[in-house]
Amino acid sequence: MTTAVWDEPNLVQGDQTYQTITDTVCRIAENPRPPLAWFIAFAISSSIAGVFGLLIGYLLITGTGIWGNNNPVAWGFPIVNFVFWVGIGHAGTLISAILFLFRQNWRTSINRFAEAMTIFAVVCAGTFPGIHIGRMWMPYYLAPYPSSGLYMWPQFRSPLAWDVFAVGTYATVSVLFWFMGMIPDLATLRDRAKHPIRRVAYGVLSLGWTGSATQWRVYEKAYMLLAALATPLVLSVHTIVSYDFATAQLPGWHTTIFPPYFVAGAVFSGFGMVLTLIIPAREWFGLKDLVTMRHLENICKVLLATGSIVGFAYITEFFIAWYSGNQYEQFAFMNRAFGPYSAAYFTMFLCNVISPQLFWFKWFRQNPWAMFVVSIFVNIGMWCERYVIVVTLSRDFLPSSWGVFTPTPIDIAMLIGSFGLFFTLFLLFCRFLPIVAMSEVKHVLNHEKNHPHEIIEA
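Residues numbered from 1 in each chain as written. Predicted model: local features only at pLDDT ≥ 70, side-chain atom pairs only at ≥ 80, totals over all residues. Heavy atoms only, no water.

Visitor: Could you give an account of the pattern of salt bridges, with specific residues and numbers?
Guide: Per the stated rule, a full pass over the model turns up 9 salt bridges. Here Arg 107 and Glu 440 are joined by a salt bridge, their closest N and O atoms 2.5 Å apart. Of the two residues, Arg 107 is situated in the loop between helix 4 (90-101) and helix 5 (111-132) and Glu 440 in helix 16 (residues 438-450); the sequence distance between them amounts to 333 residues. The pair Arg 107 / Glu 440 is uniform in exposure class, with both members buried. Glu 297 is the salt-bridge partner of Arg 365, the closest N and O atoms lying 3.1 Å from each other. Of this pair, Arg 365 sits in helix 13 (residues 362-365) while Glu 297 sits in helix 10 (residues 293-324), and the two are 68 residues apart along the sequence. Classification of Glu 297 by relative accessible area gives buried; the value is 12%. (Salt bridge = Lys/Arg side-chain N within 4 Å of Asp/Glu carboxyl O. Helix = DSSP H or I, 4+ residues; strand = E, 2+ residues; numbered from the N terminus. Buried < 20%, exposed > 50% of the residue type's maximum accessible area, 1.4 Å probe, protein only.)

Rendered as structure tokens:
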């Protein structure tokens, strides 16, 4: 009789203790000289972010004519980038809230990365509606409030108005959830700080945390309540973003599959970005014992599952278009695949449907740099998905109204600039704040020491 042995990797590796976990995480913020790779990455990303700021200034002076937007593609790159970045922000809340409620211990070590990523992605997303109005000195036009002085009365049945509330609520709860989770770790940094400025800064941020039993009891209850509040937001935000398209009477957009399709795609893209960020970070900051292969492998499995859902949605869209018998709907999807934007469509399909299937093979799930390459493909594919949805609007009901959307160099530079802003914020977070939830990792370490991982024999 053969014997099969299953030995699940630990969530915390090496001969770790509470003290070594604290030292490993705190030294990242305490070290006066971060890794050279951090300096190089920060120089590049902050330069790109600076160019992004200059381009926004140029936009304000010149007007939205510097973009490739036209009629019928009036939204163009700004809405593509907005939907892309909102989607990226989904994984943070999923890992933080839903996996917390389901008591999934593998979320520890990566939840802080994902939460920070959510905040910074929402910042990037919020930039684009702001500059899309063309007159940023009138941002209150974005707020759906009734005003006779502005001669406008918002249509509260419009999903564009719901967007403001959904994304605003999501951003608020995400910031609260992220900050609250850091309080015990900020207090640790405060207690270890030697420079008075750092001690004061971390002291203010830690809100007088002492770690007493009473504080922990209140903290854990509040954390649980925030997790419960944040969980429905994971579903609601991108559902409402999808309504921006689905409620329009346009072929290719007017479909009920959009809400689940958008949510699955958002989770997929968010986990892809988590891999993109976490693999270099664990190398640069020596976190391999805390962010282990088990964490990375689980992320790969989520990518495989959500990528398959997204692929199924692509196929279903074609089936429904054929089954509906609606000639405009059928033309819209044939135009996506074989029209002037077919390159973007097949790039989307290859990156989102084919590349995650590599994670069926164990080698890809255990090779961090192979995962990194696949995660880049996922990011590219998900941006292309939003691009395809928006720009194929250039061919709707009447051939006389058709047009071709061509992005200008400013469009492309602003897209790259948003990545510069995102990575700049993330690198600053890595440098000055606790990037791993020390208190939660210690809890998992204690659990694993008392419950050694199982060996199953048959």
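Visitor: Give a description of the packing of helix 3 (residues 76-88) against helix 14 (residues 368-391) that names residues and reports values.
Guide: At a closest axis distance of 9 Å, the pairing of helix 3 and helix 14 adopts a crossing angle of 135 degrees. The angle between helix 3 and helix 14 places the two elements in the oblique class. Our pair here, helix 3 against helix 14, has a crossing hand that is right-handed. Residues Gly 76, Phe 77, Ile 79, Val 80, Asn 81, Val 83, Phe 84, Gly 87 and Ile 88 of helix 3 touch helix 14, and the partners they reach there are Asn 379, Met 382, Trp 383, Arg 386, Tyr 387 and Val 390. Classifying every residue of the contact of helix 3 with helix 14 gives 10 nonpolar, 4 polar and 1 charged. (Axes fitted to C-alpha atoms, helices over the stretch in contact; angles between N-to-C directions. Parallel < 35°, antiparallel > 145°, perpendicular 65-115°, else oblique. Left-handed = near helix turned anticlockwise from the far one by under 90°. Contact = heavy atoms within 4.5 Å. Nonpolar A, V, L, I, M, F, W, Y, C, P; charged D, E, K, R; others polar.)

Visitor: Could you give an account of unusual backbone geometry, with specific residues and numbers?
Guide: Where the residue is not glycine, phi is negative for most of them; where a peptide bond is considered, it is trans in most cases. Phi at Leu 207 is positive, roughly 55 degrees, even though this residue is not glycine. Inspection of the secondary structure puts Leu 207 in the loop between helix 7 (196-205) and helix 8 (213-246).

Visitor: Give me the packing of aromatic side chains: which residues, what numbers.
Guide: Enumeration over the complete set of coordinates arrives at 48 aromatic pairs. Relative to Trp 85, the ring of Phe 84 has its centre 5.2 Å away and its plane inclined at 70 degrees; by these criteria the two rings are edge-to-face. Classification of Phe 84 by relative accessible area gives buried; the value is 0%. Of the aromatic side chains, those joined through ring pairs into one cluster are Trp 75, Phe 245, Trp 253, Phe 258, Tyr 261, Phe 262, Tyr 314 and Phe 349. Over the face of the ring belonging to Phe 432 we find Arg 431, whose NZ or CZ atom lies 5.5 Å from the ring centre. (Phe/Tyr/Trp six-rings, centres within 6.5 Å; stacked < 30°, edge-to-face > 60°. Lys NZ or Arg CZ within 6 Å of the ring centre and 35° of its normal.)

Visitor: How would you summarise the side chain of Ser 242 if you had to cite specific residues and measurements?
Guide: As for its position among the elements, Ser 242 is in helix 8. The class for Ser 242 is buried, based on a relative accessible area of 0%. Engagement of the side chain of Ser 242 in a polar contact is seen with the backbone oxygen of Thr 239, the distance being 2.5 Å. Beyond its immediate chain neighbours, meaning those up to four positions away, Ser 242 contacts Phe 258, Pro 259 and Phe 262. (Polar contact = N/O pair within 3.5 Å; in protein donor to acceptor, adjacent residues only side chain to side chain.)

Visitor: Lay out the side chain of Ser 206 in plain terms, naming residues and giving numbers.
Guide: When you line up the elements, Ser 206 lands in the loop between helix 7 and helix 8. Note on Ser 206: relative accessible area 1%, which makes it buried. Once you skip the residues sitting within four places of it in the chain, Ser 206 turns out to touch Ile 183, Leu 186, Ala 187 and Arg 190.

Visitor: Got a sec to walk through the state of the cysteines? Specific residues and values, please.
Guide: By the definition in use, this model includes 0 disulfides. The thiol of Cys 384 is not disulfide-bonded; the next cysteine sulfur, from Cys 351, is found 6.5 Å away. On the basis of relative accessibility, which here comes to 9%, the residue Cys 384 falls in the buried class. With no disulfide of its own, Cys 430 lies 15 Å from the sulfur of Cys 26, the closest cysteine sulfur. (Disulfide = S-S within 2.5 Å.)

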